[in-house]
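These are the residues of each chain, in order.
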Amino acid sequence: VQEASMKTFEELESKVRSYSRSFPTVFEKSKGYKLWDVDGNEYIDFFAGAGTLNYGHNNDLMKKKLIEYIESDGITHSLDMGTIARKNFLETFNDVILKPRNLEYKVMFPGPTGTNTVESALKLARKVTGRDLVISFTNGFHGMTMGSLAVTGNASKRAGAGTPLTNAVAMPFDNYMDGIDSAAYIEKLLEDSSSGIDIPAAFIVETVQGEGGINAASFEWLRKIEAIAKRFDILLIIDDVQAGNGRTGTFFSFEKAGIDPDIVCLSKSIGGYGMPMAITLFKPEHDIWGAGEHNGTFRGNNMAFITATEAIKNFWANDEFEEEIQEKGEFISDKLADLIVKYPEIQGELRGRGMMKGIACGVDGVAEEVCKEAFKRGLIMETSGPSDEVAKLLPPLVISKDGLAKGIEIMDVSIQEVIR
Ligand code: PMP
């Protein structure tokens, strides 16, 4: 990073409260899988707005549709009112995403962002079941508002609320306890009233924990959790805010697990262009809210409907994109496995599914140092996991293999620098 951009960053830092200390520069432009800062330094993006830019930065087709819509004085904000943009989105989502997957869901717009869809899911599950407890999972992340934070399995994040949050308990995620079947453990606790654990309204689970360390639940474990949910009449909420929209190789992260969640939370890349958007999908039989029981001002961002519709039409109308993501996911795995073998010093372990991958480092501080070194060399990536032990890769799904290879090469030299 050149000195000038550091200076601009420091000026900015002195004026506002910012959390971007890990990327100390001021960015100006972006396209596809690349960003440029004010001094023209180029960066490869392995962060993609924490999974918001799955279709890349400034996709030309979405940009064109958006400009056309704005120039035609299309409605930008409409709350719950019907608009052409909303209708087109709903029809496209139904025809291209839900129908071919034999999924029957009602679609709700809960608010502009990830935590809004989670809050709506928690509320709905409580109302449907008449119960208040929600079981979440160790190291899960669901958002920063009171309900979504209560189900977030991270004590330091929950500490932001000052006092303990209630109505939620985090149970062991898959592989949390070596050699112990955590689903069987949870079932036993629910069966035995002496445990003091009430039958919850819902389970909320990420199939691959993004912030929690790229922990992928096995499909078998997910099926077991679904079976427990069915047995006790508990609703199954899949939080696909980060793992959805193709990130793990299929549009929904649970498709190959063969489960049928009651409620699905989507946000981040659903808007397609970095536009704030969230949707909550729920089974028609759970459609019990009366008018006004879940509303909010920014629930109908028509510009997001325009880009979201275009994204779905372009990327999901046939199987090609899915095949491409799966192939790139394997490419990433192979390259990361090579790094793990090449640098035994970092005690690396490959994590993840599809294009949601990471290296968990057994040595404290290594992942963070690698990300810092990578940034200096033009690669943007973050850590995840309870002790920031995972160097996490979340590139735009549209990145070329060449872009992936170049980014991973930067990781390679960054690791060399760190262990030197
Ligand atoms: N759920 C998951 C799985 C997430 O990864 C996130 C954000 N990282 C959220 C919910 C919350 O989304 P938002 O930050 O948009 O509120």
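Per-chain numbering applies: the sequence of each chain, read as written, is numbered from 1 onward. A pLDDT threshold of at least 70 governs which residues receive local features in this predicted model, and a stricter bar of 80 or more applies before side-chain atom pairs are shown or counted, although totals over entire chains, interfaces and linings include all residues. As a rule here, side-chain values come from all non-hydrogen atoms in the structure, and water together with hydrogens is ignored.

In the nomenclature of an unreviewed UniProt entry, the chain corresponds to Diaminobutyrate--2-oxoglutarate transaminase from the organism Aciduricibacillus chroicocephali. Of the comments in the UniProt record for the chain, the one headed Pathway (unreviewed entry) reads "Amine and polyamine biosynthesis; ectoine biosynthesis; L-ectoine from L-aspartate 4-semialdehyde: step 1/3." UniProt positions are given in the numbering used here, feature names are shortened, and annotations may be inferred rather than shown by experiment. Quoted straight from UniProt, the Sequence similarities (unreviewed entry) entry for the chain says "Belongs to the class-III pyridoxal-phosphate-dependent aminotransferase family."

1. Some thoughts on the overall build of the chain
Under the scheme used here, helices are H or I runs from DSSP no shorter than 4 residues and strands are E runs no shorter than 2 residues, and both carry numbers assigned from the N terminus. Scanning the chain from terminus to terminus reveals 13 helices and 17 strands. For the radius of gyration, the atom set is restricted to C-alpha positions; the globular benchmark scales as 2.2 Å times the number of residues to the power 0.38. Against the compact-globule benchmark of 22 Å for 420 residues, the chain has a radius of gyration of 21 Å, which places it among compact chains. Dimensions of the chain, computed from the C-alpha atoms along their principal axes, are close to 60 × 60 × 45 Å. Categorising residues by exposure relies on relative accessible area from a 1.4 Å probe, with only protein chains included: less than 20% of the type maximum marks a residue as buried, more than 50% marks it as exposed, and the intermediate range marks it as partly exposed. Taking all 420 residues of the chain together, 53% fall into the buried category. Contacts in the chain between residues far apart in sequence, at least 24 positions, make up 73% of those at least 6 positions apart. Every accessible area reported is derived by Shrake-Rupley at a probe size of 1.4 Å, with residue values counting cover from the shown protein chains alone. About 18,500 Å² of surface is accessible on the chain, with carbon and sulfur atoms providing 50% of the total. Positive and negative charge centroids in the chain, built from 45 and 62 side chains respectively, lie 3 Å apart. Any pair of residues with heavy atoms lying within 4.5 Å of one another is described as a contacting pair. Residues scored as charged are limited to Lys and Arg (positive) and Asp and Glu (negative), so that His and the chain ends carry no count. Taken as the charge centre is NZ of Lys, CZ of Arg, CG of Asp or CD of Glu, depending on the residue.

2. Comments concerning unusual backbone geometry
Even without being a glycine, Asn 58 presents a positive backbone phi close to 50 degrees. Relative to the helices and strands, Asn 58 is located in the loop between helix H2 (48–51) and helix H3 (60–71). Note on Asn 58: relative accessible area 27%, which makes it partly exposed. The phi torsion at Gln 347 lies on the positive side, around 50 degrees, for a residue other than glycine. Within the secondary structure layout, Gln 347 lies in the loop between helix H11 (320–342) and strand S13 (348–353).

3. Regarding the site of the ligand
Here a residue counts as near a molecule or strand whenever at least one of its heavy atoms sits within 4 Å of it. Around the ligand, the surrounding shell consists of Thr 113, Gly 114, Thr 115, Phe 141, His 142, Gly 143, Glu 206, Glu 211, Asp 239, Val 241, Gln 242 and Lys 268. Polar contacts, as counted here, are pairs of nitrogen or oxygen atoms within 3.5 Å of one another; within protein the pair requires one atom able to donate a hydrogen and one able to accept it, and residues that are adjacent in sequence qualify only if both atoms are side-chain atoms. For the ligand, an oxygen atom lies 2.9 Å from a polar atom in the backbone of Gly 114. In the model, a nitrogen atom of the ligand is placed 2.7 Å from a nitrogen or oxygen of the Asp 239 side chain. Considering the ligand on its own, with 390 Å² of exposed area, one finds that the protein chains cover 84% of that surface. Residues are grouped as follows: Ala, Val, Leu, Ile, Met, Phe, Trp, Tyr, Cys and Pro are nonpolar; Asp, Glu, Lys and Arg are charged; all remaining types, including Gly, are polar. Grouping the amino acids of the shell around the ligand by side-chain chemistry returns two nonpolar, six polar and four charged.

4. Some words on the sheet that holds strand S3 (residues 42–45)
Overall, mixed pairing links the four strands, which are arranged S1-S2-S3-S15 in an open sheet. Of all strands in the sheet, those bounded by a partner on one side alone are strand S1 (27–31) and strand S15 (379–380). For strand S2 (residues 34–37) and S3, the ladder comprises three bridges, and the chain directions are antiparallel. Its bridge partner lying in S3, Trp 36 is registered against Glu 42. Helix axes are fitted to C-alpha atoms over the stretch in contact, other axes to C-alpha atoms as well, and angles between N-to-C directions run from 0 to 180 degrees. The strands that helix H13 (residues 401–419) touches are S3 and S15; relative to S3, the one it contacts most, it runs at about 105 degrees. Here, a strand pair is defined by DSSP locating no fewer than two bridges between the strands.

5. As for the sheet that holds strand S11 (residues 263–266)
Taken together, seven strands build an open sheet; the order of strands is S4-S12-S11-S10-S7-S5-S6 and the sheet is mixed. For this open sheet the edge positions go to strand S4 (106–108) and strand S6 (168–171), each flanked by a neighbour on one side alone. Strand-to-strand twist across the sheet, computed as the mean angle between neighbouring axes with direction ignored, equals 20 degrees. By the bridge criterion, three bridges tie strand S10 (residues 235–239) to S11 in an arrangement that is parallel. The residue of S11 that forms the bridge with Ile 237 is Ile 263. The strands touched by helix H4 (residues 84–98) are S4, S11 and strand S12 (279–282); relative to S12, the strand with the most contacts, the crossing angle is about 55 degrees. Contacts from helix H5 (residues 114–129) reach S4, strand S5 (134–137), strand S7 (202–205), S10, S11 and S12, with the element oriented near 165 degrees to S11.

6. Side note on the packing of H4 against helix H10 (residues 302–316)
Between H4 and H10, whose axes approach to 9 Å, the crossing angle comes to 25 degrees. Taken together, the axes of H4 and H10 lie roughly parallel to each other. Between H4 and H10 the crossing geometry is left-handed. Judged by residue contacts, Ala 85, Arg 86, Asn 88, Phe 89, Thr 92, Phe 93, Val 96 and Ile 97 of H4 engage Asn 302, Phe 305, Ile 306, Ala 308, Thr 309, Ile 312, Lys 313 and Trp 316 from H10. In terms of residue class, the contact of H4 with H10 is built from 10 nonpolar, four polar and two charged. Orientation labels follow simple angle bins: below 35 degrees gives roughly parallel, above 145 gives roughly antiparallel, 65 to 115 gives roughly perpendicular, and whatever is left gives oblique. For any pair of crossing helices, the crossing counts as left-handed if the nearer helix is rotated counterclockwise from the farther one by less than a right angle, and right-handed if it is rotated clockwise.

7. Here's the deal with helix H9 (residues 219–232)
Working rule for helices: expected span equals 1.5 Å times residues minus one. The end-to-end C-alpha separation of H9 is 20 Å, in line with the 20 Å expected for 14 residues at 1.5 Å each. Of all the positions in H9, only Trp 221, Leu 222, Ile 225, Glu 226, Ile 228, Ala 229 and Phe 232 are classed as buried. All buried residues of H9 project into a common sector of 160 degrees when viewed along the axis, lining one side. Where the residues of H9 are buried, they touch S5, helix H8 (182–191), S7 and S10. Just downstream of H9 lies Asp 233, where phi reads positive at about 60 degrees. When we speak of the arc, we mean the arc of directions from the helix axis to the C-beta atoms.

8. Details of H3
Here H3 is 12 residues long and its end C-alpha atoms lie 16 Å apart, about the 16 Å a rise of 1.5 Å per residue gives. Among all positions of H3, only Met 62, Leu 66 and Tyr 69 are buried. One side of H3 carries all its buried residues, which in axial view fall inside an arc of 65 degrees. The exposed residues of H3 that point more than 90 degrees off its buried face are Lys 64 and Glu 71. Where the residues of H3 are buried, they touch H4 and H10.

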